[in-house]
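# Observations on chain architecture
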Amino acid sequence: MANNGPVLAFEVYRWAGTSAEEFQTHYKDVHAKIGMRIPGLVWYESFMNKNSQEGWPVIGGAAKPDAIVVMMFDSEESKAKIAESEAWTEAAADDIGFCSHFEIFEVDRFTWIPEATLREPFHAQEAASV
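A quick note: this is a predicted structure, and the numbers were derived from the prediction, not measured. Each chain has its residues counted from 1, following the order in which its sequence is written. In keeping with the predicted nature of the model, local features appear solely for residues at pLDDT of at least 70, side-chain atom pairs appear and are counted solely at 80 or more, and the whole-chain, interface and lining totals rest on all residues. Only heavy atoms go into the side-chain values, all of them from the structure, while hydrogens and water stay out.

### Quick look at the sheet that holds strand β3 (residues 67-73)
- Note: two strands are recorded as paired if DSSP finds a minimum of 2 bridges between them. Strands here mean DSSP runs of E at least two residues long; helices mean DSSP runs of H or I at least four residues long; both are numbered from the N terminus. Reading across the sheet, the four strands line up as β2-β3-β1-β4 and stay open at both edges, with antiparallel pairing between neighbours. Edge positions in the open sheet fall to β2 (41-48) and β4 (99-107), since each of these has one partner strand only. Adjacent strand axes in the sheet meet at a mean angle of 20°, parallel and antiparallel pairs treated alike.
- Looking at chain direction, strand β1 (residues 7-14) and β3 are connected through six bridges and run antiparallel. Paired with valine 7 across the two strands is methionine 72, which belongs to β3. Fitted lines through C-alpha atoms give the axes, limited to the stretch in contact for helices. The angle between two N-to-C directions lies from 0 to 180 degrees.

Structural data, given as structure tokens:
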């Protein structure tokens, strides 16, 4: 995996009335496939919250994100143009009924323990099991 491109991280929150299971299923089956088409992506990973709280109001503090998404780009220019892409426009339309809001952070990446081998993408793992 490339380790040297600019990185964006997203906190993603599900639409009110959408269960954690519905959110995760839609993310994996629909939304991530749209995101994969964003120009200039070098890699794209999503981390689903295993402890998403169902319903409102949130007990015990502020709402927690339902997913953390990390994207690395091939250049600062590609990262800067993310919102101009057709895939971003399609993803924004897909947010309705799925994602209530998200927060974007420009982050620096530090790899403390690198992976020994490349992992298979989720969609490749899924296809292999069918």
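### Some points on the pattern of salt bridges
- Think of a salt bridge as a Lys or Arg side-chain nitrogen and an Asp or Glu carboxyl oxygen that are within 4 Å of each other. A complete count under the given rule lists five salt bridges for this structure.
- Across the salt bridge formed by lysine 79 and glutamate 106, the nearest N and O atoms sit 2.3 Å from each other. Here lysine 79 is found in helix α2 (residues 76-80), whereas its partner glutamate 106 is found in strand β4, with 27 residues between them in sequence.
- Judged by its relative accessible area of 9%, lysine 79 falls in the buried class.
- Members of the salt-bridge network, linked through shared partners, are Glu76, Lys79 and Glu106. Classification of residues uses two cut-offs on accessible area relative to the type maximum, computed with a 1.4 Å probe and protein chains only: under 20% is buried, over 50% is exposed, and between them is partly exposed.

### Digging into the packing of aromatic side chains
- We call Phe, Tyr and Trp rings a pair once their centres come within 6.5 Å, taking the six-membered ring for Trp, and we label the pair stacked below 30 degrees between planes, edge-to-face above 60, and tilted otherwise. Taken as a whole, this structure holds seven aromatic pairs when the rule is applied.
- Ring geometry for phenylalanine 10 and tryptophan 88: centres 6.3 Å apart, planes at 40°, overall tilted. In this pair, phenylalanine 10 is assigned in strand β1 and tryptophan 88 in helix α3 (residues 86-95), connecting sequence segments 78 residues apart. Take phenylalanine 10 and tryptophan 88: they sit in the same class, and that class is buried.
- Measuring from ring centre to ring centre gives 6.1 Å for tyrosine 27 and phenylalanine 98, while their planes differ by 45°; the resulting arrangement is tilted. Highlighted residues: tyrosine 27 in helix α1 (residues 20-35) and phenylalanine 98 in the loop between α3 and β4, separated in sequence by 71 residues. You'll find tyrosine 27 and phenylalanine 98 in the same group, each marked buried.
- Through pairs of rings, three or more aromatic residues link up here, namely Phe10, Trp88 and Phe102.

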